[in-house]
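Listed below are the residues making up each chain.
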Amino acid sequence: MERTGRQVVEALVATLNAGEVGGMDDLFHDDAVMEWPQSGERIVGAANRRAVYGAFPQLPSISPRRLNGEGDLWVLQADLDYGDGDPYQTVFLFELRDGRIAKETAYWTKPFPAPAWRAAWVESI
């Protein structure tokens, strides 16, 4: 039975939260590409993905906030906490092929205070 895009992304979150880096192999194609534009990095292929994730000092805890998508394109908004209690707000774009991840693009940032000069025109979220 083929998984839906939602199930693939949810399984990835569960796998990483469990610290089971090897479980990523069931969710990504061997030739999958991961891009991290903020740091200018591209990880190509399963061997490089395994090496990078195996060398992480600490995998983040992922707290999903929103998961939307259809077909082969899914977007996950989440908080990532690397153990220091100062989470990153993150957006992941997942492009699937045949029920597995073919490309992941991740954007993350830390929250920052809104400038006071905008207060008259905005609502706090």
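Residues numbered from 1 in each chain as written. Predicted model: local features only at pLDDT ≥ 70, side-chain atom pairs only at ≥ 80, totals over all residues. Heavy atoms only, no water.

**Quick word on the packing of aromatic side chains**
How we decide: Stacked, tilted and edge-to-face pairs are distinguished by plane angle, under 30 degrees for stacked and over 60 for edge-to-face with tilted covering the rest, among Phe, Tyr and Trp rings (Trp via its six-membered ring) whose centres lie within 6.5 Å. For the exposure calls, accessible area comes from a 1.4 Å probe over protein chains only, and a residue counts as buried if that area is under 20% of its type's maximum, exposed if over 50%, partly exposed in between. Sitting over a ring, as applied to charges here, requires NZ of Lys or CZ of Arg to be within 6 Å of the ring centre and within 35 degrees of the ring normal.
Applying the stated criterion across every chain yields a total of 5 aromatic pairs. Centre to centre, the rings of Tyr82 and Tyr88 are 5.8 Å apart; their planes meet at 85 degrees, and the pair counts as edge-to-face. Each ring, one from Phe92 and one from Phe94, has its centre 5.7 Å from the other, and the planes form 20 degrees; the classification is stacked. Neither Phe92 nor Phe94 differs from the other in exposure class; each is buried. Geometry around Trp117 places Arg118 over its ring, the cationic atom sitting 5.3 Å from the centre.

**Observations regarding helix α2 (residues 46-55)**
Formally: Put simply, DSSP marks the helices as runs of H or I at least four residues long and the strands as runs of E at least two long, and each gets a number from the N terminus on. In this context, the arc is that of the directions from the helix axis out to the C-beta atoms. Note on contacts: a residue pair is in contact if any heavy atoms of the two residues lie within 4.5 Å.
Residues of α2 that are buried include every one of Ala46, Arg49 and Tyr53, and no others. Within α2, the buried residues cover an arc of 60 degrees as seen down the axis, which keeps them to one side. Seen from the open side of α2, the exposed residues pointing more than 90 degrees away from its buried face are Ala47, Gly54 and Ala55. Buried positions along α2 lie against α1 (5-17), β1 (28-36), β2 (41-44) and β6 (100-109).

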